[in-house]
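Coordinate analysis (summary)
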Amino acid sequence: MAYILELHDICKHFGNVLANDHVSLKVEKGTVHSIVGENGAGKTTLMNILYGLYKQTSGEIFIDGTKVDIESPSDAIELGIGMIHQHFKLIPAMTVAENVMLGEEPTLGKVFLDLKKINERTLELSDKYGLAVNPKSMVEEISVGIRQRVEILKALYRNANILILDEPTALLTPQESEDLFRIIERLRKDGKTILFISHKLKEIMQISNNITVLRDGKVVDTVKKEDTDEVHLARLMVGRDVFLKPAPKPKKIGEAILRVEHVTAVNEYHHPVLNDVTFDVRSGEVLGVAGVDGNGQTELVKALIGLQPLSGGKIFIYDQEITHLSVKKMRSAGIGVIPEDRLQEGLVEDFSVQENLFLGLQRSQPFSNGTNINWGAVRSNAEELVKVYDIRTPNIEHKARLLSGGNQQKIIVAREIFHAPDTIIASQPTRGLDIAATDFVHEQLIKQRDAGKGVLLFSLSLDEIMLLSTRIAVIYKGAIVAVVNKDDVTPEDLGLMMLGGSYEHIPA
Amino acid sequence: MHRIRKFFLKQQPVFITIIAVLLAFVIVGLILAATGRNPFNAVYFFVRGAFGNMFNTTDTISRVIPLTIAGIAFLVGAQSSVFNVGIEGQLLLGAMASAVVGYIVKLPAYIHLPLMLLAGALAGGLYALIPAWLKTKRKVNEILSTIMLNYPATYFTHFLVLKVIPIEGVVPATPFIEETARLPILIEGTQLHAGVFVMIMVVIFAYYLLYKTSLGYEMRAVGYNKTAARFHGIPVEKRMNFAFFLSGMMAGLAGAVEVAGVHYRFLDQFSPGYGFDSITVALVGLLNPFGVVISATLFGALKTGILEMSVYSGIPRQLTTLINGIVVLCVAAKDMLGGWYARIFRGKDTYEAQKEISQ
Ligand SMILES: Nc1ncnc2c1ncn2[C@@H]1O[C@H](COP(=O)(O)OP(=O)(O)OP(=O)(O)O)[C@@H](O)[C@H]1O
Ligand SMILES: [Mg+2]
């Protein structure tokens, strides 16, 4: 068998941290080779080494049987390696085609851009692999899923034979993920090799040929898809059995804590984004919000924490009206939030782990007397949360920037759940978390629920909504079109409603 | 060995800065050698000029004082992502306001001195509220607005001493301030004045504010990530306005201390560009309050050391500007140095790679 890529004994140290520990890997040409492992297992590090962003401390890389030395991403591109980053590096004010060609654009007489050729070539590539992008649309106007395809196009245009996709589905809706898998399948059939990382084992089982499991920087095993299943993979990853289980029935549902009445909002172009939204979250329940991405979820979360100007309607916590209050006042009225974008909204990357673990609480007891910070309290809080949530960091003074994606997410979730006020708004709380961490976060959310708090859960994953919710609200085009008891619906019903299909309203 | 390596890694920014500064000196040395002068001789006179005797040392310190206070002014802004390049203008207005309070008002010293310093700080602070308003309400880039606002301040003070305030003697200046508004000289016959205590207080204040208080934590959060700050209930615009005000206050205070401790009046063009140097001082000091003291000492010594060097070794004074420029270039080229540094102490990652990932 010809291996297109071989890694021999790759080690990578970051100070005292051993992120990759003698990793050896053989990847067959024309296959989808997945890499799975816990948060902080070293997956991203390994991919970054391959793409020339990091240099391995020791070990060798072979491509098509020849030893190579990858010093920089341009070396990697030269060798036919392309990487699709989770945070896209596209220029929003340029068209798709211009982005694809950027740096290597065809020109007329070396001075003027040959726009016709640029568009034609982009279209050609896009058609070849069924990417279905319009070369002329502006990047700022296209969805996350399409942006990702533009990244793929960029790599293909530079003749990538090996494509690295690091958690490409974390930001995608289930439908978009399916589309991506079709594209991946097509690329594979065309002889491309794909390295794929995901925490969703279902996806791994769906698209992989081979799967390598990493734990603590070491290869635990490489298995063929046929020889394994989700349960087995999870066991290899964490060293014990983990299943995501449905939440137990709520103990006692009380009065409404958060009430939203006829809330309406428009965006900067005066298009309605929230349309007469009415619902409530009761003490002791999880209200899941199901909907296709972009139907007003982001705006609703912002409205509930005071960042979205409203053109009408009211919001209450218990009997206190909190509409139009500042973020600070809404938070102190009893709203906590796990934002969907961890790097932009949830964390200050240049703050240390301990500083991040009391962000938003910098004026509350015991961290502050209102004026001065009590660093002793900050430290003991951080030490406790790092232990309870298993945040993998060398120490609490480490910068959050240097943690793995999942461990960054754990910081936010730990902070918001541990110091939960009356209502927790959890937006994609388990994005980027491994299966064990996901299970743990689910447990913690349920624990808060049973302590009498109200949980409002936003998730692109219907599975997660079904596992945790007591009631489910369906959001479509900025409106809540139905609120139903979880036990009264099937995922299929929900799927229909999310696309605007009608449903006989079952009073909840 | 491992622990040594770890130490050097952790202190990477500090060492890179030191290396950058040393590199600048080596380059200057090479230039001297190339023009047929003895660089070691020059170093000798330089050090003697800066720290050779009591007089020189205190002269150096008296320059370190305004550089440090102005450096802190830039730092408190920059920590909240407010890049105040208008420190020179705020410093001049502060100096003028304090000089006016110093010569017009008659009060006992224990109240006159604080009052004149406060007047200087307030003048600088209020002036900085203009770019603050432009930035937070009108979204005008503060680097442009603050740099432009240096001009009105310079010409306004110029106009005052030339046309409005009665001139004493031949130099354009305000009258001398009252004895009660002066910072006492600490050592008879030298330039060392009590402004050094003001400086120490300012440094400790900045450190305490930024790292020990909730307000400072919020300012730093705004400096690093405005979106996250907003999501966590921090009033971003308010904090930025405050950073502008505080930065302007410190700048004004630097001017007031110069008036109260050195010139005893507002002397036209008294500042050799302390406000502009403050940016370099703060950046070389790695935006750390104590780092600023060290880097201000370096830049203060540059100013005094070169004087003596030029007298005794025939090296032109203009070299200060050159050395300053080379230091700035070397510090700006830190990323390149960082790459080499990382290769030595970390295996072979390039510094760029680290940054690219962290974006
Ligand atoms: N630039 C860096 N400096 C220091 N430590 C780092 C750096 N990058 C990664 N690490 C550490 O290396 C380890 C592996 O991180 P990596 O990002 O590869 O994990 P991962 O498997 O991708 O995890 P996740 O599933 O959470 O994304 C972690 O402990 C992380 O803290
Ligand atoms: Mg990762």
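Since this is a predicted model, take the numbers as computed values, not measurements.

A few points about the pattern of salt bridges
Residue and element names in this part refer to chain A.
- Following the criterion strictly, the structure yields 36 salt bridges over all chains and no others.
- One salt bridge connects Glu185 with Arg188, and the closest N-O pair in it is separated by 2.7 Å. On the criterion of helical spacing, the pair formed by Glu185 and Arg188 is a turn pair, its members being three residues apart in helix 6 (residues 174-189).
- Classification of Glu185 as partly exposed rests on a relative accessible area of 27%.
- Owing to a relative accessible area of 21%, Arg188 belongs among the partly exposed residues under this scheme.
- One salt bridge connects Glu416 with Arg415, and the closest N-O pair in it is separated by 3.0 Å. Comparing Glu416 with Arg415 shows no difference in burial state: the two are buried.
- One salt-bridge network, in which partners are shared between bridges, spans Glu38, Asp216, Asp390 and Arg392.

Focus on the domain arrangement of chain A
Residue and element names in this part refer to chain A.
- The domain boundaries assigned to chain A delineate domain 1 (3-238), domain 2 (247-334 + 422-508) and domain 3 (342-420).
- The distance between the C-alpha centroids of domain 1 and domain 3 comes to 31 Å.
- Domain 1 puts seven residues into the contact, and the matching count from domain 3 is eight residues.
- Of the roughly 520 Å² buried where domain 1 meets domain 3, counting both sides, 45% is carbon and sulfur surface.

A few points about the packing of aromatic side chains
- The full count for this structure, using the stated rule, is 14 aromatic pairs over all chains.
- An angle of 80° between the planes, with centres 6.0 Å apart, marks the rings of A:Phe358 and A:Trp375 as edge-to-face. Of this pair, A:Phe358 sits in the loop between helix 12 (353-356) and helix 13 (375-388) while A:Trp375 sits in helix 13; the two residues are 17 residues apart in sequence, bridging distant segments of the chain.
- For A:Phe358, a relative accessible area of 0% corresponds to the buried category.
- Taken together, A:Phe351, A:Phe358, A:Phe367, A:Trp375, B:Tyr217 and B:Tyr224 form an aromatic cluster joined through their ring pairs.
- When the ring centre of A:Phe316 is taken as reference, the NZ or CZ atom of A:Arg259 above it lies at 4.5 Å.
- Its end group placed over the ring of B:Tyr264, B:Arg182 keeps NZ or CZ at 4.3 Å from the ring centre.

Side note on the interface of chain B and chain A
- Contacts between chain B and chain A engage 31 residues on the former and 40 residues on the latter.
- Interface area for chain B against chain A, summed over the two sides, is near 3300 Å², with a carbon-plus-sulfur share of 53%.
- Taken as a group, B:Tyr217, B:Phe231 and B:His232 account for 26% of the area that chain B buries against chain A, more than any other trio of residues on that side.
- On the surface where chain B and chain A come into contact, there are two salt bridges.
- Across the salt bridge formed by B:Glu218 and A:Arg363, the nearest N and O atoms sit 2.8 Å from each other.
- At the junction of chain B and chain A, the tally comes to 17 residue pairs in polar contact (both at pLDDT 80 or more).
- Sorting the residues of the side of chain B that touches chain A by element identifies helix 1 (2-10), helix 8 (195-212), helix 9 (214-224), helix 10 (226-231) and helix 16 (351-358) of chain B as the ones contributing at least two each.
- Tallied by class, the residues present in the side of chain B that touches chain A amount to eleven nonpolar, ten polar and ten charged.

Some points on the site of ligand 1
- In the region of ligand 1, 21 residues are neighbours, and A:Gly40, A:Thr44, A:Thr45, A:Ser404 and A:Gly406 sit closest.
- Chain contributions to the surroundings of ligand 1 come from chains A and B.
- Within the side chain of A:Thr44, a nitrogen or oxygen atom sits 2.6 Å from an oxygen atom of ligand 1.
- Within the contact set of ligand 1, an oxygen atom lies 3.5 Å away from a side-chain nitrogen or oxygen of A:Glu167.
- At the level of secondary structure, the elements contributing two or more residues to the shell around ligand 1 comprise strand 2 (17-28), helix 1 (43-50) and helix 14 (405-418) of chain A.
- For the shell around ligand 1, the per-class residue count stands at seven nonpolar, eleven polar and three charged.
- Counting only domains with at least three residues in the shell around ligand 1, you end up with domain 1 (3-238) and domain 3 (342-420) of chain A.

Digging into the packing of helix 4 (residues 115-128) of chain A against helix 5 (residues 144-157) of chain A
Residues and elements named next belong to chain A.
- Contact geometry for helix 4 and helix 5: axes closest at 10 Å, N-to-C directions at 105°. Here helix 4 lies roughly perpendicular to helix 5, going by the angle between them. Listed contacts from helix 5 to Arg121, Thr122, Leu125 and Ser126 of helix 4 are Leu153, Leu156 and Tyr157.
- Along the lines of polarity and charge, the residues of the contact of helix 4 with helix 5 split into four nonpolar, two polar and one charged.

Section: the environment of B:Lys238
- If you trace the backbone, B:Lys238 turns up in helix 11 (residues 236-263).
- A C-alpha to C-alpha distance of 36 Å links B:Lys238 and B:Ile61, two positions 177 residues apart in sequence.

A look at helix 3 (residues 39-51) of chain B
Residue and element names in this part refer to chain B.
- In this model helix 3 runs 18 Å from its N-terminal to its C-terminal C-alpha over 13 residues, within 8% of the 18 Å that 1.5 Å per residue would give.
- For helix 3, every residue scored as buried is listed here: Pro39, Ala42, Phe45, Phe46, Gly49 and Ala50. All buried residues of helix 3 lie within an arc of 130° about the axis, which places them on one face of the element.
- Capping of helix 3 at its N-terminal end is provided by Asn38; its side-chain oxygen lies 2.9 Å from the backbone amide nitrogen of Phe40.

Quick look at the packing of helix 13 of chain A against helix 14 of chain A
All names here are of chain A.
- Running from N to C, helix 13 and helix 14 cross one another at 110°; their axes reach a closest spacing of 10 Å. It follows that helix 13 is roughly perpendicular to helix 14 by the angle criterion. Handedness of the crossing formed by helix 13 with helix 14: right-handed. From helix 13, Asn381, Glu384 and Leu385 reach across to helix 14, where they touch Ala414, Arg415 and Phe418.
- Of the residues contributing to the contact of helix 13 with helix 14, the split by class is three nonpolar, one polar and two charged.

Structural notes on the sheet that holds strand 19 (residues 423-427) of chain A
All names here are of chain A.
- Pairing within the open sheet is mixed, and its six strands lie in the order 18-19-20-15-21-22. The open sheet has two free edges, formed respectively by strand 18 (335-338) and strand 22 (479-485), since each of these has just one partner strand. The sheet shows a mean angle of 20° between the axes of neighbouring strands, taken without regard to direction.
- Strand direction decides the pairing type here: strand 15 (residues 286-290) and strand 20 (residues 454-458), joined by four bridges, are parallel. Across the sheet, the residue bridging to Leu287 is Leu456, located in strand 20.
- Packed onto the sheet, helix 17 (residues 491-498) meets strand 15, strand 21 (471-476) and strand 22 and runs at close to 30° relative to strand 21.

Digging into the environment of A:Val144
Residue and element names in this part refer to chain A.
- Inspection of the secondary structure assignment puts Val144 in helix 5.
- A C-alpha to C-alpha distance of 25 Å links Val144 and Val277, two positions 133 residues apart in sequence.
- Sequence-distant contacts of Val144, that is, excluding residues within four places in its chain, are made with Phe88, Leu171 and Leu172.

Considering the nonpolar core
- Ranked by internal contacts, the top residues of the largest apolar core, which has 100 residues, are B:Ile69, B:Met116 and B:Leu117.
- Looking at which element gives the most residues to this core, the answer is helix 11 of chain B, with 13 residues.
- One finds A:Leu131, A:Ala155, A:Met237 and A:Ala436 within the second-largest nonpolar core, a separate group that totals 47 residues.

Describing the sheet that holds strand 10 (residues 193-197) of chain A
Residues and elements named next belong to chain A.
- Reading across from one edge, 6-9-10-3-11-12 is the order of the six strands in this open sheet, with mixed pairing throughout. Two strands bound the open sheet, and with one partner strand each, they are strand 6 (81-84) and strand 12 (218-224). Neighbouring strand axes in the sheet, compared pairwise and without regard to direction, differ in orientation by 20° on average.
- Of the strand pairs in this sheet, strand 3 (residues 32-37) and strand 11 (residues 210-215) are connected by five bridges, and their pairing is parallel.

Thoughts on the domain arrangement of chain B
All names here are of chain B.
- Considered domain by domain, chain B is made up of domain 1 (1-37 + 319-359) and domain 2 (62-314).
- Between domain 1 and domain 2, the contact holds 14 residues from the first and ten residues from the second.
- Carbon and sulfur atoms supply 78% of the area buried between domain 1 and domain 2, which totals about 1000 Å² over both sides.
- Counting across the interface, domain 1 meets domain 2 through zero salt bridges.
- Across the contact surface, domain 1 and domain 2 share zero residue pairs in polar contact (both at pLDDT 80 or more).
- For the side of domain 1 that touches domain 2, the secondary-structure elements that each account for two or more residues are helix 2 (12-34) and helix 14 (319-332).
- Ranked by residues supplied to the side of domain 1 that touches domain 2, first place goes to helix 14 with seven residues.
- When the residues that make up the side of domain 1 that touches domain 2 are grouped by side-chain class, the tally is nine nonpolar, three polar and two charged.

Reading guide: rules and limits
Residues numbered from 1 in each chain as written. Chains lettered and ligands numbered in written order. Predicted model: local features only at pLDDT ≥ 70, side-chain atom pairs only at ≥ 80, totals over all residues. Heavy atoms only, no water. Salt bridge = Lys/Arg side-chain N within 4 Å of Asp/Glu carboxyl O. Helix = DSSP H or I, 4+ residues; strand = E, 2+ residues; numbered from the N terminus. Buried < 20%, exposed > 50% of the residue type's maximum accessible area, 1.4 Å probe, protein only. Domains from an automatic or database assignment. Contact = heavy atoms within 4.5 Å. Buried area = accessible area lost by both parts, 1.4 Å probe. Phe/Tyr/Trp six-rings, centres within 6.5 Å; stacked < 30°, edge-to-face > 60°. Lys NZ or Arg CZ within 6 Å of the ring centre and 35° of its normal. Polar contact = N/O pair within 3.5 Å; in protein donor to acceptor, adjacent residues only side chain to side chain. Nonpolar A, V, L, I, M, F, W, Y, C, P; charged D, E, K, R; others polar. Near = heavy atom within 4 Å. Axes fitted to C-alpha atoms, helices over the stretch in contact; angles between N-to-C directions. Parallel < 35°, antiparallel > 145°, perpendicular 65-115°, else oblique. Expected span 1.5 Å × (residues − 1). Arc of directions from axis to C-beta. Left-handed = near helix turned anticlockwise from the far one by under 90°. Pairing = 2+ DSSP bridges. Core = buried A, V, L, I, M, F, W, Y, C linked by side-chain atoms within 4.5 Å.

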